[in-house]
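Topology and contacts: notes
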Amino acid sequence: MSKERNVRTLDEYMRYDVREKVKSIVESFPSEDRLRSTKVEKALRSWTMGEVVNNNEEVEGYLLDVRYDGRLNRAVAFIVREDGRMARWIDRTDHRPYFLTSATPEDLQRLGLSSEDSERILQMDIVSKFHSIRREKVRLTKIIVNDPLAVRRLRSILGDKGFKFWEADIRYHHNYIFDNLLVPGMRYRAGKRMERVGWDIDPTFLSSVMSITAGESKEYSDMAKELAFLFEQRPPRVKRAAIDVEVYTPEAGKVPDPAKAPYPVVSIALADNEGRVKVLALYREKVKLGGEIPKEVTEVEIFDSERAMLLELMRELERYPVVLTFNGDAFDLPYLYNRMLSLGIEDLYIPIEVHEDMITFRHSLHVDLHKFFSIKALQVYAFGGSYRELRLDSVAEVLLGVGKVKLDEIVSRVSLSKLIEYNARDAMITRDLTTFSNDLVWNLIIMVMRISKLGLEDVTRHQVSAWIRGLMNWEHRRRGWLIPSREELSAGEARSRAMIKDKRYRGAIVLNPPTGLFFNVAVLDYASLYPSIVKNWNLSYETIENPRCGERKKIPEVGYEVCTDIRGITSEIVGLLREFRVKIYKKRAKDSSLPEEQRRWYDTVQSALKVYINASYGVFGNEAFPFYSLPVAESVTAIGRTVLTDTLRVASERSLYIIYGDTDSIFVWDPKKEDLEFLVKYVADMYGLELELDKKFKVVLFGGLKKNYIGVTEKGEVVIKGMVGKKSSTPEFIKNEFKKVVQVLGELEDPESAYRVLEKIRERLLEMYKKVKNRGYTLDELAIRVMLSKDPEKYKKTTPQHVKAARMLQAEGINVTRGNIISYVKTKDSVGVKPVSLAKLSEVDVSKYVEHMRTTFEQMLESFGLEWEEITGQRSLDKILGSHE
DNA sequence: AAATTCGCGTCAGATT
DNA sequence: AATCTGACGCGAA
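As a starting point, this report considers the structure included with it. Counting starts from 1 at the beginning of each chain's written sequence and moves along it residue by residue. Here every chain gets a letter starting at A, and every ligand a number starting at 1, in the order they are written. The model is predicted, so local features are restricted to residues of pLDDT at least 70 and side-chain atom pairs to those at 80 or more, both for listing and for counting; the totals for chains, interfaces and linings are taken over all residues. Think of the side-chain values as coming from all heavy atoms in the structure, minus any hydrogens and water.

1. With respect to the overall build of chain A
Selection rule: The way it works is that DSSP assigns letters per residue, a run of H or I at least four long becomes a helix, a run of E at least two long becomes a strand, and they are numbered from the N terminus. The globule rule used for comparison is 2.2 Å times the number of residues to the exponent 0.38, while the radius of gyration itself is calculated over C-alpha atoms. Relative accessibility thresholds used throughout: buried, under 20% of the residue-type maximum; exposed, over 50%; partly exposed, between the two (1.4 Å probe, protein chains only). Only the protein chains shown count as cover for residues, and the accessible areas themselves come from Shrake-Rupley with a 1.4 Å probe. This count recognises Lys and Arg as positive and Asp and Glu as negative, with His and chain-terminal groups excluded. For this purpose, a charge sits on NZ of Lys, CZ of Arg, CG of Asp or CD of Glu.
In terms of regular secondary structure, chain A is built from 29 helices and 30 strands. In terms of overall size, chain A behaves like a compact globule, its C-alpha atoms giving a radius of gyration of 31 Å where 885 residues would be expected to give roughly 29 Å. Buried positions account for 56% of the 885 residues belonging to chain A. Summing over all exposed atoms, chain A offers an accessible surface of approximately 39400 Å²; the carbon and sulfur share of this is 48%. Mean positive and mean negative side-chain charge positions of chain A (140 and 133 charges, respectively) differ by 1 Å.

What follows is the structure, given as structure tokens:
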């Protein structure tokens, strides 16, 4: 199939250059000031602004974000319409930035503000808010100002004079969302104001939701009702394009500085979620055209002018409400922006907005997937820790199972067709990261937007604490509660001592496991223990150590007092999210009577909830979190310890033999069913917690080390925890052999079978020995892969091996930064390490690898009560080692 | 801008 | 030269 190749010269291109058209319109107005007028706005909208909804028009669609527009000095809602276009609805309610203060209007008068500062104040109102800690209504002055920056200025003036202020550090566009109780990701009709549309719910479903709130407060059931809508409304399918930019570089491995944008952009690929893949490429005389272009690439345009190419890209992007990149904040977008500036394109005509920590488009939203996939809570709870390195090809390989197109030469010298193929592939992969498994990632983002009340651009750029903060702030506003200031939250000294130095408070208990093989082991755990504790013990910043409490009870071990007369807000929020997940959506995700598509959505709902729930304890122990409360965090772990200890006590009274336990789990050796049932009932009655049977192991191997065991389930499935043989940094050949040996463990049936299994293991290990000795493994298999947690030059105290290797790479001119995984091998020279890419097999220090093998397998052999030498045979070991010493 | 603590193995570098 | 301690990375929960 021959590809239609559209080669266009600059002259031809300029005939429909929208930029020129826009320019002429702008020039017809007398002064720059007039640019703010509606007429010019309208004229510019298709190019520099995107579509703006007229004052008398209504727009309906999904709210994806809210932004403060500095030129309009108003909040702007980004609403994606049915036809797939992004509409920008400018606030018509005259909402303005503000903050709250203890200073009265008279106080302000007396202060004698400068005329400039006075002008910044539009209005002062006396407002009444509920103070959650003081448990009473308070009257405060609401200072309404003309500009978000004025909040910062006035707050510092008032602060200097000793007045208190609240809610002054909430970003304006967030205030807009919270005050209007908007839910990003949901459907709205925007006319005079934003109205909810299509928030429908099945009445029988709603009543089943309400049943989980039985016996709870009014606030609790109100929240439940609100949330149910968010989980039930199907996610919008939004048109989006991924782009990827290729830049000429004179040297391989050197990424040009986007702030300077010194070299030409040679190719840009765009891949949308409707199958369109377009590449815009620059014609260069010295570059071969090359051969065929893959079928997936639907359009190619070759330009002889870089400027025209970039402008055409901007025009193309205007059709998309959402643009995806991988690393666009740090590279692609600033490069495009600065490159266009240096090519003489005026700022006004570049529809890119540069912000402090992000960069986006004037008329559409930008999702930088590099930022999104670096959200740690997602890595762990949504993607199971599957990818380690935050590079496009690493993430894509794990999640999509595809690799990059291999280039034999650097981008600058490869043939044009090859460059197009390579470029297109990256854009497609970027797009696919949001579309795979039926839009899994996109739907997850939408769900998190709805729970957190943050827009698309915030949700995809901030860690889980920002998500939880958003939800907390929104709920405070909904209730008419004052958002407390940091000083009002009780911090104080920790009352428990951590086990590890440099930690602030004590965490969980880990029992010391025995050594040996244990047949028939039941593993029980408390269903989401920490969130349940937060709920059952009414833990919240305003219910702990609050002198205004009516009734109270003491928290064990740490002795904090918690209110029992009024429900705490965090306790209610965390409790509710947990109930939704456990009682409704986990079940519905597996309900085979529901259509497939619906089940998948419910699975996304429950996994979004999971991320929230699992992070909801940790954030309270994080000082940067606005609702940071050491007593809350400390109480959670203290209660956890007490519950576990007490469960152990009751278990031993029933003659249950507990061999191990960690935080929220207990391993019971050969239990009687009725004893387990007793224990479960005890925990439910005593603490209101659900102790559940998590797994049944045919056999568990313990080597006497905490967080370290191998379990074989009844199906012969092997569960490995903490062992060196499983760690990502362990050389591949050891991991592979370890996997094989562990498979043999699956054959363990009873104590007698252990001998047969051991014999097999011994054979495997000996074989492996010989192979290492003969250098039978490749360099890649021998590589130790460790991540640089900081830039190489930032290691001051010691120089770990992977840093040594990293510096050797730097010396070769290879760019190495924080987050890179360094592959190195151990060598016989005085340094002892070398990056894989620079090493030869003959340089490898075999004895070091033998040691590595020894520790790996000793962790396992320990449980058999055996030493390494015993299983491998002392004599043969000596022979093998001897030949290398 | 950032969820927490507990625990293991490896190595660097200092101390004896 | 042997031993101890802390930094570091990775994992469990």
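2. Details of the packing of aromatic side chains
Put simply, the test is: Only Phe, Tyr and Trp rings are paired, with Trp represented by its six-membered ring, and only when their centres lie within 6.5 Å; those with planes under 30 degrees apart are stacked, over 60 edge-to-face, the remainder tilted. Only when the NZ of Lys or the CZ of Arg is both within 6 Å of the ring centre and within 35 degrees of the ring normal is a charge said to sit over the ring.
Following the criterion strictly, the structure yields 34 aromatic pairs and no others. Plain terms: the ring middles of Y682 and Y687 are 6.3 Å apart, the flat faces sit at 85 degrees to each other, and that makes the pair edge-to-face. Each member of the pair, Y682 as well as Y687, is classed as buried. These aromatic residues form a ring-pair network of at least three members: F518, Y657, Y660, F667, W669, F702 and Y709. A cation over a ring is seen here: K142 above Y98, with NZ or CZ 4.3 Å from the ring centre. We note K790 situated over the ring of Y795; from NZ or CZ to the ring centre the distance is 4.8 Å.

3. A short note on the nonpolar core
Quick note on the threshold: Put simply, buried Ala, Val, Leu, Ile, Met, Phe, Trp, Tyr and Cys residues joined by side-chain atoms within 4.5 Å make one nonpolar core.
Of all hydrophobic cores here, the largest spans 148 residues; its most connected members are F373, W467, L539 and F580. Of all the elements, helix α15 (residues 416-452) adds the most residues to this core, at 12 residues. The next biggest cluster of nonpolar side chains, apart from the first, holds 54 residues, and it includes I710, F738, L788 and F864.

4. Concerning the protein's contact with DNA strand B
To be explicit about the condition: Neighbouring residues are identified by heavy atoms, a residue being near a molecule or strand if any of them is within 4 Å of it. The definition of a polar contact used here is a pair of N or O atoms within 3.5 Å, where within protein one atom must be able to donate a hydrogen and the other to accept one, and adjacent residues in sequence count solely through side-chain atom pairs. The classification used treats Ala, Val, Leu, Ile, Met, Phe, Trp, Tyr, Cys and Pro as nonpolar, Asp, Glu, Lys and Arg as charged, and all other residues, Gly among them, as polar.
The full set close to DNA strand B counts 34 residues, and Q463, G507, N622, K706 and K826 are the nearest of them. Considering DNA strand B, the proportion of its atoms within 4 Å of the protein that are sugar or phosphate atoms stands at 80%. Between DNA strand B and R504 there is a distance of 3.5 Å, counted from a phosphate oxygen to a backbone nitrogen or oxygen. Secondary-structure elements contributing two or more residues to the surface near DNA strand B are α17 (464-479), α26 (801-811) and α27 (846-861). A per-class count over the surface near DNA strand B returns 13 nonpolar, 11 polar and 10 charged.

5. Things to note about the pairing of strand β12 (residues 240-247)
Note the threshold: A pair of strands is labelled paired if DSSP reports no fewer than 2 bridges between them.
Of all the eight residues making up β12, eight are buried; the element is thus mostly covered by neighbouring parts of the structure. The side-chain alternation of β12 yields two buried faces, one formed by R240, A242, D244 and E246 and the other by A241, I243, V245 and V247. As paired elements, β12 and strand β16 (residues 322-325) share three bridges and run parallel to each other. Counterpart to A241 in the pairing with β16 is V323. Bridge count for β12 against strand β13 (residues 265-272) is seven bridges, and the pairing is antiparallel. When the sheet's bridge partners are listed, A241 is paired in β13 with D272.

6. Points about the sheet that holds strand β23 (residues 657-662)
Strand pairing in a sheet is mediated by backbone hydrogen bonds. Such pairs are either parallel or antiparallel. Threshold: In this analysis, axes come from line fits to C-alpha atoms, helices being fitted only over the stretch in contact, and the angle between any two N-to-C directions falls in the range 0 to 180 degrees. For this analysis, residues touch if any pair of their heavy atoms sits within 4.5 Å.
Spatially, β23-β24-β20-β25-β26-β27 is the arrangement adopted by the six strands of the open sheet, whose pairing is antiparallel. The open sheet has two free edges, formed respectively by β23 and β27 (718-721), since each of these has just one partner strand. On average, each strand axis in the sheet is inclined to that of its neighbour by 35 degrees, with strand direction left out of account. Both strand β26 (residues 709-713) and β27 contribute to a ladder of four bridges, which runs antiparallel. By the bridge assignment, G711 is partnered in β27 with V719. Against the sheet, helix α22 (residues 673-687) engages β20 (515-526), β24 (665-669) and β25 (691-703), with an angle of about 35 degrees to β20.

7. Examining the protein's contact with DNA strand C
Inspection of the region around DNA strand C gives 22 residues, with R388, D664, S728, S789 and Y795 positioned closest. When atoms of DNA strand C within 4 Å of the protein are split into backbone and base, the sugar-phosphate part holds 88%. Contact distances for DNA strand C include 2.6 Å between a phosphate oxygen and a side-chain N or O atom of R388. Within the side chain of K790, an N or O atom sits 3.1 Å from a phosphate oxygen of DNA strand C. Looking at the surface near DNA strand C, the elements with two or more residues in it are β27 and β28 (784-787). Of the residues in the surface near DNA strand C, the class split is six nonpolar, seven polar and nine charged.

8. Concerning helix α9 (residues 218-232)
The condition is simple: In a helix, the anticipated span is given by 1.5 Å times the number of residues less one.
The end-to-end C-alpha distance of α9, which contains 15 residues, comes to 22 Å, matching closely the 21 Å that a straight helix rising 1.5 Å per residue would cover. In terms of burial, α9 is a largely internal element, 11 of the 15 residues being buried. Along α9, the positions that sit buried rather than exposed are Y220, S221, D222, M223, A224, E226, L227, A228, L230, F231 and E232.

9. Remarks on the state of the cysteines
Formally: To count as a disulfide, a pair of cysteine sulfur atoms needs to be within 2.5 Å.
This model, assessed by the stated rule, comprises one disulfide. What pairs with C549 in a disulfide is C563, and their sulfur atoms sit 1.6 Å apart. Here the disulfide of C549 and C563 is left-handed, its torsion about the S-S bond being about -70 degrees. Placement of the pair is C549 in the loop between α18 (529-536) and β21 (552-554) and C563 in strand β22 (residues 561-563), with a sequence separation of 14 residues.

10. Considering the packing of helix α23 (residues 732-745) against helix α24 (residues 753-773)
Test applied: Under this scheme an angle from 65 to 115 degrees is roughly perpendicular, one under 35 degrees roughly parallel, and one over 145 degrees roughly antiparallel; angles in between are oblique. Crossing chirality is assigned from the near helix's rotation relative to the far helix, an anticlockwise turn below a right angle marking it left-handed and a clockwise turn marking it right-handed.
For the pair α23 and α24, interaxial distance at closest approach is 9 Å and the crossing angle is 165 degrees. As the angle between them shows, α23 and α24 are arranged roughly antiparallel. As for the relative orientation of α23 and α24, their crossing is right-handed in sense. Where α23 approaches α24, its residues F733, I734, E737, K740, V741, V744 and L745 are matched on the opposing element by V757, K760, I761, R764, L765, M768 and V772.

11. Some thoughts on the environment of E677
Within the fold, E677 resides in helix α22. The class for E677 is partly exposed, based on a relative accessible area of 46%. The spacing of E677 and E692 is 15 residues in sequence and 9.6 Å in space, taken between C-alpha atoms.

12. A word on a positive patch on the surface
Definition in use: Without a salt bridge and with relative accessible area above 30%, a residue can belong to a patch; like charges are then joined within 9 Å and nonpolar side chains (Val, Leu, Ile, Met, Phe, Trp, Tyr) within 5 Å. We define a salt bridge as a side-chain nitrogen of Lys or Arg found within 4 Å of a carboxyl oxygen belonging to Asp or Glu.
A surface patch of like charges, here positive, comprises K790, K796, K797 and R807. Inspection of the secondary structure assignment puts R807 in helix α26.

13. Describing the sheet that holds β28
One open sheet holds the three strands; their spatial order is β28-β29-β30, and the pairing between them is antiparallel. The strands lining the two open edges of the sheet, one partner per strand, are β28 and β30 (833-835). Between one strand axis and the next, the sheet turns by 40 degrees as a mean value, whatever way the strands run.

14. Considerations on the environment of S364
Residue placement: S364 occurs in the loop between β18 (359-361) and β19 (365-368). Note on S364: relative accessible area 0%, which makes it buried. Put simply, S364 and R88 are 276 residues apart on the chain and 8.9 Å apart in space, counted from C-alpha to C-alpha. Those residues in contact with S364 that lie beyond four places of it in its chain are R67, F78, Y320, P321, V322, V323 and E457.

15. Structural notes on the environment of G819
The residue G819 is located in the loop between α26 and β29 (821-826) in this model. Taking the C-alpha atoms as reference, G819 lies 9.7 Å from V786; in sequence the two are 33 residues apart. If we ignore the near neighbours within four places in the chain, the residues touching G819 are E389, M787 and L788.

16. Brief notes about the pairing of strand β10 (residues 187-190)
Note: strand β3 (residues 59-69) against β10, four bridges, orientation antiparallel. Among the inter-strand pairings, V59 is bridged to a residue of β10, identified as A190. Where β10 meets strand β11 (residues 194-196), three bridges bridge the pair, whose relative direction is antiparallel. Counterpart to Y188 in the pairing with β11 is R196. From the end of β10 to the start of β11, which pair antiparallel, there are three residues.

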